Amino acid sequence: MASNHDELSRRDFLTTAAAAGVGLMVAGCAPSADQTAPAARTPPSKRIRVGLVGMGAQGQVLIESLVRIEGIELVAIADIWDYARKYGQRKLKANNIIVNAYGNHEELLAGEKDLQAVIVATPDIW
């Protein structure tokens, strides 16, 4: 029987597995020589229109990956903080991606009727 020091807790396993999955995803999304946004290279019938809720640290990390994934068309962001929304819009505009910005997730869902997915990057308490 293994001691407590030899056992991997469920929390440790999930944390390690999640980190490995994100690492693999990011590694597979390395920028290419073609500077065209990946969504623009994908036929419209193969694109997924996505909204992102939360422009804090996690949302910023997600943007870095989302703009590189072929077929993902980021069309809207939401954050309760004005400075975070403006930061997200500027960052995306630098990648030739224009998005609508909303003050909260309810406004985003009401304003974007053709979304196919929403990624939530808010603190756990929300």
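Just so it is clear, the model here is predicted, and its values are computed rather than measured. (Residues numbered from 1 in each chain as written. Predicted model: local features only at pLDDT ≥ 70, side-chain atom pairs only at ≥ 80, totals over all residues. Heavy atoms only, no water.)

## Here we look at the nonpolar core
Phase 1 of the analysis: Counting 15 residues, the largest nonpolar core has Leu-52, Met-55, Ile-63, Leu-74, Ile-77, Leu-92 and Val-99 as the members making the most contacts within it.
Phase 2 of the analysis: Elements that contribute at least two residues to this core include exactly strand E1 (48-53), helix H3 (57-66), strand E2 (72-78) and helix H4 (82-94).
Phase 3 of the analysis: Discounting residues that sit within four places of it in the chain, Leu-52 has contacts with Gly-59, Leu-62, Ile-63, Leu-74, Ala-76, Ile-77, Ala-78, Leu-108, Ile-119 and Ala-121.
Phase 4 of the analysis: Val-53, Val-75, Tyr-102 and Leu-108 belong to the second-largest nonpolar core, a separate cluster that totals seven residues. (Core = buried A, V, L, I, M, F, W, Y, C linked by side-chain atoms within 4.5 Å. Buried < 20%, exposed > 50% of the residue type's maximum accessible area, 1.4 Å probe, protein only. Helix = DSSP H or I, 4+ residues; strand = E, 2+ residues; numbered from the N terminus. Contact = heavy atoms within 4.5 Å.)

## Examining the confidence of the model for the chain
Phase 1 of the analysis: Per-residue pLDDT for the chain has a mean of 80; in total, 67% of the residues score no lower than 70.
Phase 2 of the analysis: Taken element by element, the predicted model of the chain shows its lowest mean pLDDT in helix H1 (residues 10-27) (59) and its highest in strand E3 (residues 100-102) (97).
Phase 3 of the analysis: The low-confidence segment residues 29-34, where pLDDT is below 50, has six contacts with residues more than four positions distant or belonging to other chains. (pLDDT = per-residue confidence, 0-100.)

## Observations regarding the pairing of E1
Phase 1 of the analysis: Sheet analysis places E1 next to E2, joined by six bridges and oriented parallel. Bridging across to E2, Ile-48 finds its partner in Ile-72.
Phase 2 of the analysis: Each parallel crossover has a hand, and for E1 linked through H3 to E2 it is right-handed.
Phase 3 of the analysis: By the bridge criterion, four bridges tie E1 to strand E4 (residues 117-120) in an arrangement that is parallel. Paired with Leu-52 across the strands is Ile-119, a residue of E4. (Pairing = 2+ DSSP bridges. Right-handed = clockwise from strand over helix to strand, strands pointing away.)

## Things to note about the pairing of E2
Here is the key point about a regular strand: its side chains alternate between the two faces of the sheet.
Phase 1 of the analysis: E2 sits mainly inside the fold: six of its seven residues count as buried.
Phase 2 of the analysis: By the bridge criterion, three bridges tie E2 to E3 in an arrangement that is parallel. The partner of Ile-77 across the bridge, within E3, is Ala-101.

## Remarks on H4
Phase 1 of the analysis: Here H4 contains 13 residues, and its C-alpha end-to-end distance of 18 Å stays within 8% of the 18 Å for a straight helix at 1.5 Å per residue.
Phase 2 of the analysis: Within H4, the full set of buried residues consists of Ala-84, Arg-85, Gly-88 and Leu-92. Along H4, the residues classed as buried sweep out an arc of 100° about the axis, all on the same side. What points out from H4, more than 90 degrees from its buried face, is the exposed set Tyr-83, Arg-90, Lys-93 and Ala-94.
Phase 3 of the analysis: Looking at the packing, one finds that the buried side of H4 touches H3, E2 and E3. (Expected span 1.5 Å × (residues − 1). Arc of directions from axis to C-beta.)

## A closer look at the side chain of Arg-85
Phase 1 of the analysis: Along the chain, Arg-85 falls in helix H4.
Phase 2 of the analysis: The exposure class of Arg-85 is buried, given its relative accessible area of 16%.
Phase 3 of the analysis: Aside from chain neighbours lying at most four places away, what touches Arg-85 is Ile-77, Asp-79, Ile-80, Ala-101, Tyr-102 and Gly-103.

## So, H3
Phase 1 of the analysis: Burial in H3 covers these residues: Gly-59, Leu-62, Ile-63, Ser-65 and Leu-66. The buried residues of H3 occupy an angular sector of 165° when projected down its axis, which confines them to one face.

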